[in-house]
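Close look at the chain arrangement
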Amino acid sequence: MAEAVVTVDGWSALHDTRHFDWTSWKSISEDERNKAIKEFEELIKQWETVEENKEGSHSIFKVVGNKADLMFIFLRETMDELEEIKTAINKTVLGDFLIPAYSYVSIIEMTMHDPMKAGDDRELSPYVKERLKPTMPKWEHACFYPMARRREPEANWFTIDKEERTRLLYEHGMTGRKYAGKVKEIITGSIGLDEWEWGVTLFAHDPLQFKKIVYEMRFDEVTTKYAEFGDFIMGNYLATDKLADYLAL
Ligand code: VOV
């Protein structure tokens, strides 16, 4: 029977991508630029404390294509915190140069589909806890894209039996497991929060692995038959101590 599957939910996520206004940045003095960088580094330090206390996580990426220049990813307990972070960025001097490009709001989600991990104590297991409230790996690359499940008369994810969805996601999980150590994923649910139904955030040391996993998954029935994708955004990790280099002229 088609029925909703129970989800267990974790931290809220904000993917905030910005264009950097290089033209204006070049027009201010070096002193002003240095002050702006220092102020922003202080803000990042606050985020680092949150991460050390395991109360959230953040990562910054330099976007490779022209969809944006920077992608900030924030994970927090509440949506209030995510909004406060966005506003705090905008209030900094550097914020004047960070022009909103695209954003995505979602909540980390796991379903009870995975028969390997299902069980009454699922919510309590350390594995699940870590997946719901993860510290993002500081790997060299990240790729984010939103996606949805098809609702066509001949392929409607929301009308097929739960057992069939479990079978399809099991097959998907088996493909994913081949990439252990090469690709880490955070799946966030966004039904009711943003345009698509899920956000997929992938981390890798080698960006070729994004192409390989996404290609291989295209042949899994759950993707072939039921997946629709939004725009892909790929970025290279920007460590805090490299921010000044990135902004140097
Ligand atoms: C890096 C590897 C990897 C691994 C191991 C993995 C495993 C799993 C498992 C075991 C489960 C089901 C249980 C749960 O935890 O919810 C999922 C769930 C999900 N996945 Fe996944 N996925 C991966 C990777 C992975 C990718 C690359 C994608 C994008 C798809 C593609 O074609 O580009 C994806 C999507 C999803 C989605 C949208 C869901 C939720 C679907 C729903 O309808 O509920 N996922 N996923």
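Remember, predicted model here, so these are calculated numbers, not experimental data.

Structural notes on the coordination of the iron atom of the ligand
The protein gives the iron atom of the ligand a lone donor atom, His172 (NE2), placed 2.0 Å from the metal. Mapped onto the fold, His172 is located in helix α5 (residues 162–177).

Digging into the site of the ligand
Taken together, 23 residues form the shell around the ligand, and within it Thr111, Tyr145, His172, Glu185 and Thr223 come nearest. Contact between the ligand and Thr111: an oxygen atom at 2.8 Å from a side-chain N or O atom of the residue. The separation between an oxygen atom of the ligand and a polar side-chain atom of Trp157 is 3.4 Å. For the shell around the ligand, the secondary-structure elements that each account for two or more residues are β4 (98–111), β5 (141–149), α5, β8 (183–189), β9 (198–204) and α6 (208–217). Here the shell around the ligand is built from residues that sort into 14 nonpolar, five polar and four charged.

As for the packing of aromatic side chains
The full count for this structure, using the stated rule, is 19 aromatic pairs. Judged by centre distance (6.0 Å) and plane angle (90 degrees), the rings of Phe40 and Trp47 are edge-to-face. Phe40 sits in the buried class, given a relative accessible area of 1%. With a centroid separation of 6.0 Å and 40 degrees between ring planes, the pair formed by Phe229 and Phe232 is classed as tilted. According to the relative accessible area criterion, Phe232 is partly exposed, its value standing at 27%. An aromatic cluster of three or more residues is present, and its members are Phe20, Trp22, Trp25, Phe97 and Tyr246. Here Arg149 stacks its cationic end above the ring of Trp157, 4.8 Å away from the centre of that ring. The aromatic ring of Trp198 is capped on one face by Arg149, whose charged end is 5.6 Å from the ring centroid.

What about the UniProt feature "binding site: Fe-coproporphyrin III" (unreviewed entry) in the chain?
Here the UniProt feature "binding site: Fe-coproporphyrin III" (unreviewed entry) sits at Arg131, Tyr145, Pro146, Met147, Ala148, Arg149 and His172. Counting through the fold element by element, Pro146 comes out in strand β5. Under the relative-accessibility criterion, Pro146 is labelled buried at 1%. Excluding residues that lie within four positions of it along the chain, Pro146 makes contacts with Tyr102, Tyr104, Trp196, Trp198, Gly199, Glu228, Phe229, Gly230 and Asp231. One can find Ala148 in strand β5. For Ala148, a relative accessible area of 12% translates into the label buried. What Ala148 contacts, discounting residues up to four positions off in sequence, is Trp196, Glu197, Trp198, Tyr226, Ala227 and Glu228.

About the criteria used
Residues numbered from 1 in each chain as written. Predicted model: local features only at pLDDT ≥ 70, side-chain atom pairs only at ≥ 80, totals over all residues. Heavy atoms only, no water. Donors = N, O, S within 2.8 Å, 3.2 Å for Na, K, Ca; no water. Helix = DSSP H or I, 4+ residues; strand = E, 2+ residues; numbered from the N terminus. Near = heavy atom within 4 Å. Polar contact = N/O pair within 3.5 Å; in protein donor to acceptor, adjacent residues only side chain to side chain. Nonpolar A, V, L, I, M, F, W, Y, C, P; charged D, E, K, R; others polar. Phe/Tyr/Trp six-rings, centres within 6.5 Å; stacked < 30°, edge-to-face > 60°. Buried < 20%, exposed > 50% of the residue type's maximum accessible area, 1.4 Å probe, protein only. Lys NZ or Arg CZ within 6 Å of the ring centre and 35° of its normal. UniProt positions renumbered as here; feature names shortened; annotations may be inferred. Contact = heavy atoms within 4.5 Å.

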